[in-house]
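Chains, contacts and geometry: an overview
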Amino acid sequence: MLRRLDKKQPLNFKFSAKNLAWAKKQILNYPKGRKQSAVIPLLFRAQEQEGWVSKPAIEVVAKMLDMAPVRVFEVASFYFMFHLSPVGSAAHIQVCGTTPCMLRGSDGLIRQCKDKISKRAMEIAHDGKISWEEVECLGACSNAPLVQIGSDYYEDLDEESFAKIVTDLISGRKPVPGSQTKRFSSEPIENLTTLGTKVEEAQNASVELFIDSSIKEKGSNTKRSLVSKKDAPNA
Ligand code: FES
């Protein structure tokens with residue numbers, strides 16, 4: 001899939017003081033002469049700050065790492081986790097459309113995106129809050145079909161469960177990620193077959209992290225309401 005920079009670009013980009021300090025510290029994590037290795041964390045921090053990766057942001061990162069801007073662009077355009085255009089402020093839904101997800105019904109998820117968000121990918125709908133796009137394999141095929149929203153995966157979806165997630169996002173709620181069919185992770189649906197020890201935790205570490213950080217965020221004036229822990233899909 002060809003990915004290009006957005007036609008509309010801001011005039012400039014500047015890391016906030018806090019992010020600049022963080023970025024400089026990141027660079028120090030790598031051996032002398034190898035600071036280019038910090039390109040992904042720096043690009044990601046730029047995206048977290050602005051919501052997407054603009055040309056000026058690429059140029060700033062390139063300058064900090066002594067790289068040609070085109071080399072930084074190559075990284076940003078290769079990985080789907082980098083958004084090269086503005087996306088929804090509350091959620092940008094990335095639907096995996098590669099073969100395992102396609103065989104498990106990703107076309108139904110795309111249909112829901114078209115019905116509930118916008119007919120075309122990368123169009124920001126619902127007052128700038130939500131957007132969607134189809135992406136290549138997200139590396140979690142055993143939980144197909146799935147979508148990625150920010151740092152979270154919503155797995156084992158069908159049209160119905162996904163429609164509910166989209167509706168929640170549109171109404172400002174923050175649905176709990178992870179398997180939507182109550183699988184702990186990617187174990188067999190019926191039962192464990194080889195490693196017979198039953199997992200005691202209510203949910204896996206990624207879901208736990210989401211719940212904990214959302215509860216903290218809620219405590220700090222967030223307007224989004226969180227699905228309660230007892231309603232978590234893996235609880
Ligand atoms: S094909 Fe969808 S995660 Fe791999």
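Residues numbered from 1 in each chain as written. Predicted model: local features only at pLDDT ≥ 70, side-chain atom pairs only at ≥ 80, totals over all residues. Heavy atoms only, no water.

1. Comments concerning the pairing of strand β1 (residues 91-96)
As a reminder of what qualifies: Remark: exposure states derive from per-residue accessible area (1.4 Å probe, protein chains only) relative to the maximum for the residue type, with buried under 20%, exposed over 50%, and partly exposed in between. Labels follow the DSSP assignment, with helices taken as runs of H or I lasting at least four residues and strands as runs of E lasting at least two, numbered in each case from the N terminus. Strand pairing follows a simple DSSP-based rule, namely that at least 2 bridges must link the two strands.
Most of β1 is tucked away: six of the six residues are buried. Burial along β1 is two-sided: A91, I93 and V95 and H92, Q94 and C96, pointing in opposite directions, are all buried. Pairing between β1 and strand β2 (residues 130-135): six bridges, direction parallel. Bridging from a neighbouring strand, Q94 pairs with E133 of β2. The pairing of β1 with strand β3 (residues 147-149) spans three bridges and is classified as antiparallel. Within the sheet, the bridge partner assigned to I93 lies in β3 and is I149.

2. Some remarks on the confidence of the model for the protein chain
Worth spelling out the cut-off: Per residue, pLDDT captures the predictor's confidence, and it can take any value from 0 to 100. In this description, contact between two residues means that some pair of their heavy atoms is separated by no more than 4.5 Å.
Summarising the model, the protein chain shows a mean pLDDT of 90, and 91% of its residues fall at 70 or more. Low confidence marks residues 220-235, where pLDDT is under 50. Its contacts with residues over four positions away, or in another chain, come to 43 contacts.

3. Here we look at the packing of aromatic side chains
Which entries qualify depends on this criterion: Each Phe, Tyr or Trp ring, with Trp reduced to its six-membered ring, pairs with another whose centre is within 6.5 Å; inter-plane angles below 30 degrees give stacked pairs, above 60 give edge-to-face pairs, and intermediate values give tilted ones. Both a distance and an angle decide whether a charge sits over a ring: NZ of Lys or CZ of Arg must be within 6 Å of the ring centre and within 35 degrees of the ring normal.
On inspection of all chains with the given rule, the structure shows three aromatic pairs. Centroid distance F13 to F15: 5.0 Å. Interplanar angle 80°. Geometry classified as edge-to-face. Each member of the pair F13 and F15 is classed as buried. Judged by centre distance (6.2 Å) and plane angle (65°), the rings of F44 and F82 are edge-to-face. Of the two residues, F44 is situated in helix α2 (residues 39-50) and F82 in the loop between α4 (69-78) and β1; the sequence distance between them amounts to 38 residues. The class of F44 is partly exposed, set by a relative accessible area of 25%. A cation sits over an aromatic face here: R3 above F80, 4.8 Å from the ring centre. Here the basic side chain of R45 rests over the ring of W22, its NZ or CZ set 3.9 Å away from the ring centre.

4. Some remarks on the domain arrangement of the protein chain
Our working definition: Segmentation into domains, and thus their bounds, comes from an automatic or database assignment.
Parsing the protein chain into structural domains produces domain 1 (17-78) and domain 2 (91-187). The C-alpha-based centres of domain 1 and domain 2 are spaced at 28 Å.

5. Regarding the side chain of E133
Filter applied, for reference: The charged-residue count follows a simple rule in which Lys and Arg add positive charge and Asp and Glu add negative charge, with His and chain termini not counted at all. Take a side-chain nitrogen of Lys or Arg and a carboxyl oxygen of Asp or Glu: if they are within 4 Å of each other, that pair is a salt bridge. Each polar contact in these results corresponds to two N or O atoms within 3.5 Å; when the atoms are within protein, one needs to be able to donate a hydrogen and the other to accept it, and residues that are neighboring in sequence are counted only if both atoms are side-chain atoms.
Relative to the helices and strands, E133 resides in strand β2. As a buried residue without a salt bridge, E133 has its nearest oppositely charged side chain in R3, at a separation of 4.6 Å. A distance of 2.9 Å separates a polar atom in the side chain of E133 from a polar atom in the side chain of H92.

6. Things to note about the sheet that holds β2
As a general point, the strands of a sheet are linked pairwise by backbone hydrogen bonds and lie either parallel or antiparallel. To be explicit about the condition: Axes, fitted as lines to C-alpha atoms, cover a helix only where it is in contact. Angles between the N-to-C directions of the axes lie from 0 to 180 degrees.
Reading across from one edge, β2-β1-β3-β4-β6 is the order of the five strands in this open sheet, with mixed pairing throughout. Lying at the two open borders of the sheet, with one neighbouring strand each, are β2 and β6 (178-179). Note: strand β4 (residues 152-155) against β6, two bridges, orientation parallel. Counted as the bridge partner of E155 is S179 from β6. Of the strands in this sheet, β1, β2, β3 and β4 are in contact with helix α7 (residues 159-170), which crosses β1 at around 165°.

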